[in-house]
Every structure is written in structure tokens, then in C-alpha cells.
Amino acid sequence: MRILIRTSKWAIWARRLGSLALPVTIVPVFLHREQMIASGDFVVTEAVAAGLAALAVFLALGAFARLWVTGDRGWGRAASGLLFGIACLLPFAWLGYQAVRYPMANEVTTDIAEPLALTSGVSVAPTSAALRDRIAEAFPNARTRSYPVDATDMFTIVDNLVSERGWDVRIQRAPPTALDTGQINAIAMTLFGWRDEVAIRVAGTAQGSTIDMRSVPLGGFHDFGENGRRIEEFLLALDQKITLTLRDAPQAPAAGETEPPPAPPDEGDAGQ
């Protein structure tokens with residue numbers, strides 16, 4: 001007599017839902033980055049993808065338990081569903097970790113007293129003193145910078161760093177003189193397609209120049225620490241750039257080190 005070995009339906013549905021969750025998770029990211037779907041639709045779609053992925057993982061684990069008892073087929077299908085489901089849930093787990101790790105900030109700025117102007121017109125709610133303390137603790141390197149470099153040269157360096165990051169520049173106003181102020185406003189895009197406005201101010205001083213930054217999410221909800229990390233990364237890169245620039249700059253000789261002009265030849269030597 002032939003024994004019929006069945007394939008677990010749990011395993012079948014685990015792979016089906018995992019295979020469906022994978023494109024539902026990935027494709028909207030590219031559409032959101034290209035602005036083909038709105039941020040609200042993107043969040044809803046990703047929530048559906050997370051639900052499908054979680055259900056696939058649940059069914060896969062249930063399939064493993066049933067297969068162990070019944071001896072049915074479907075180990076490969078269950079493993080595929082589990083793998084696809086976990087792969088889809090990893091980005092959500094990472095975002096959840098960032099949401100717990102960083103404060104829920106609607107902006108990060110190095111100059112609270114005189115925040116930089118924005119071009120996007122996004123409404124930014126006032127940041128409470130307690131939240132400012134949490135932001136300062138989470139991003140200790142997001143501070144105003146002062147450099148012994150005049151504002152015109154500093155603006156060129158800052159502009160080059162902005163270009164290297166591929167930000168979409170909206171305003172580029174260079175300081176007319178070494179003692180004036182210039183500003184760059186640009187739109188930066190996150191990995192998942194959300195957009196933030198970044199403003200950078202270069203102000204000339206008698207000793208050189210100061211740099212301030214402000215980064216604001218255009219979506220208006222939790223930025224998962226993106227804006228604070230962006231400011232810290234940019235300013236640390238600027239620190240390194242200025243250090244190398246000052247190191248490689250030719251040093252002018254000190255007043256006491258100036259070589260005296262050569263002595264004129266003697267008249268007797270000239271006549272020989």
C-alpha cells in the first residue's frame with residue numbers, strides 16, 4: 001500500500017505570504033524615493049508589508065512544529081517563508097531601535113537663539129527645554145564650529161561638502177566679503193525616501209568664521225535620529241577637512257626668521 005505524504009498548508013502559506021511581503025516591502029521604497037507615492041501612502045503600504053511578514057514568520061514557525069510531529073513535507077517552504085519574513089521585518093526592527101534610542105525631535109539645530117531660515121515653509125513646533133537637553137545629550141557633536149578660516153574660503157569648502165553628499169541645493173548665497181554671512185539651503189533624502197531640509201550658515205568674524213546648521217524633517221514626525229546624525233557627520237567631516245587644509249597650507253616665515261639680503265660685493269673684487 002502506498003503511503004501518501006502531504007505537504008503542510010502552514011508551510012505553503014508561509015512561503016506565499018513571505019514571497020508577497022518581500023516586494024511589498026522593497027518596491028514602495030523606490031517609489032517613495034522617486035516621489036511617485038506620497039509619504040502617507042508609503043507608511044500605509046509598509047505597515048501592510050510588516051503585517052504580511054509577521055504572519056509569514058508565525059506560519060513558518062507553526063509549520064516547523066507541525067512538520068516535526070506529523071512528518072509531512074514542507075520544510076523548504078517553511079524555511080523560505082521564515083527567511084523572507086525576517087528579511088522584511090529587519091528594517092522595521094532597525095527603525096524601532098532608532099526610535100527608542102533617539103528623542104522624537106522635529107528639528108536639530110546648533111543655534112537655538114537664532115535658528116537658520118528655511119525655504120520649504122514647513123511648520124516647526126517649538127522645542128521644549130527638556131527635549132533640547134535630550135537632543136544635546138544624544139548628539140554631543142552637533143555644536144557651532146569656529147575656524148581660523150575667512151568666510152569666503154569657508155563657504156567654498158562647505159559648498160563642496162554639500163555637493164559630495166548629493167543634496168538638492170535650493171539656496172546658495174555666498175558671503176560677499178570675509179566679514180559677511182552666507183547660507184546654503186538644501187534638501188537631503190534618507191534611505192527610505194523621506195526628505196529633510198538642511199540649512200548651513202557661514203558667518204565671518206574677526207578671527208575667521210563660524211558654522212551653524214539646522215536640519216528639519218519635512219514629514220513632521222519622528223526622524224529616527226536622522227537629522228542629528230546628519231549634522232554630526234557633516235561637522236565632523238568639516239573638522240577633518242579644515243584640519244588637513246590648515247596642515248597643508250604654506251607657513252609664512254616669522255619676522256625674526258627672515259633671511260638678510262646678500263651683502264654687495266667689495267669694490268676691489270669687482271675690479272679684479
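Nothing here was measured: the structure is a model prediction, and the numbers come from that model. (Residues numbered from 1 in each chain as written. Predicted model: local features only at pLDDT ≥ 70, side-chain atom pairs only at ≥ 80, totals over all residues. Heavy atoms only, no water.)

1. Considerations on the packing of helix H2 (residues 39-70) against helix H3 (residues 75-101)
Okay, step 1: At a minimum axis distance of 8 Å, the contact between H2 and H3 shows a crossing angle of 145°. Crossing angle aside, the handedness with which H2 passes H3 is left-handed. Judged by residue contacts, Glu46, Ala50, Ala53, Ala54, Ala56, Val57, Ala60, Leu61, Ala63, Phe64, Leu67 and Trp68 of H2 engage Trp75, Ala78, Ala79, Gly81, Leu82, Gly85, Ile86, Cys88, Leu89 and Phe92 from H3.
Okay, step 2: A breakdown of the residues in the contact of H2 with H3 according to their chemical character gives 19 nonpolar, two polar and one charged. (Axes fitted to C-alpha atoms, helices over the stretch in contact; angles between N-to-C directions. Helix = DSSP H or I, 4+ residues; strand = E, 2+ residues; numbered from the N terminus. Left-handed = near helix turned anticlockwise from the far one by under 90°. Contact = heavy atoms within 4.5 Å. Nonpolar A, V, L, I, M, F, W, Y, C, P; charged D, E, K, R; others polar.)

2. Concerning the nonpolar core
Okay, step 1: Core analysis: the largest hydrophobic core is formed by 30 residues, its most contacted members being Met154, Val158, Trp167, Ile200, Ile211, Phe234 and Leu238.
Okay, step 2: Counting residues per element, this core draws most heavily on helix H5 (residues 151-164), which supplies seven residues.
Okay, step 3: Excluding residues that lie within four positions of it along the chain, Val158 makes contacts with Ile184, Ile200, Val202, Ile211, Phe234 and Leu238.
Okay, step 4: Counting residues in each nonpolar core, the second largest holds eleven residues, with Ala14, Ala56, Val57 and Ala60 among its members. (Core = buried A, V, L, I, M, F, W, Y, C linked by side-chain atoms within 4.5 Å. Buried < 20%, exposed > 50% of the residue type's maximum accessible area, 1.4 Å probe, protein only.)

3. Observations regarding unusual backbone geometry
Okay, step 1: With a phi angle near 60°, Gln35 is a residue other than glycine that sits in the positive phi range.
Okay, step 2: Structurally, Gln35 can be placed in the loop between helix H1 (9-33) and H2.
Okay, step 3: Given the relative accessible area of 58%, Gln35 is considered exposed.
Okay, step 4: A positive phi angle, near 55°, is found at Phe224, a position not held by glycine.
Okay, step 5: Looking at the element boundaries, Phe224 is found in the loop between strand S6 (208-217) and helix H6 (226-248).

4. Observations regarding the pattern of salt bridges
Okay, step 1: In this structure the tally under the stated criterion is ten salt bridges.
Okay, step 2: For the salt bridge of Glu107 with Arg214, the shortest nitrogen-to-oxygen distance reads 2.7 Å. Of the two residues, Glu107 sits in the loop between H3 and strand S1 (108-109) while Arg214 sits in strand S6, which places them 107 residues apart along the sequence.
Okay, step 3: A residue is classified by how much of its surface remains accessible, and Arg214, at 10% relative accessible area, is buried.
Okay, step 4: Ionic pairing is found between Arg145 and Asp239, a salt bridge with its closest N-O pair at 3.0 Å. In this pair, Arg145 sits in strand S2 (residues 145-147) while Asp239 sits in helix H6, placing the two residues 94 residues apart along the sequence. (Salt bridge = Lys/Arg side-chain N within 4 Å of Asp/Glu carboxyl O.)

5. With respect to the packing of aromatic side chains
Okay, step 1: Counting across every chain of the model gives eight aromatic pairs.
Okay, step 2: Aromatic pair Phe64 and Trp75: ring centres 5.7 Å apart, planes at 25°, arrangement stacked. With Phe64 in helix H2 and Trp75 in helix H3, this pair connects stretches of sequence that are eleven residues apart.
Okay, step 3: Counting every residue linked through ring pairs, the aromatic cluster contains Phe42, Trp94, Phe192, Trp194 and Phe224. (Phe/Tyr/Trp six-rings, centres within 6.5 Å; stacked < 30°, edge-to-face > 60°.)

6. Quick look at the layout of surface pockets
Okay, step 1: Considering only enclosed or pocket space, the largest pocket measures out at about 300 Å³ in volume.
Okay, step 2: Along its surface, the largest pocket is lined by 18 residues, and Val108, Thr109, Ile112, Arg132 and Ile135 are the ones closest to its centre.
Okay, step 3: Secondary structure elements with two or more residues in the lining of the largest pocket: S1 and helix H4 (129-138).
Okay, step 4: When residues of the lining of the largest pocket are assigned to their parent elements, the largest contribution, three residues, is made by H4.
Okay, step 5: Of the residues contributing to the lining of the largest pocket, the split by class is ten nonpolar, three polar and five charged. (1 Å grid on protein atoms, 1.4 Å probe; cavity = no way out; pocket = protein on both sides within 12 Å on 5 of 7 lines; lining within 4 Å. Points joined across faces, edges and corners; volume = space filled by probe spheres on them.)

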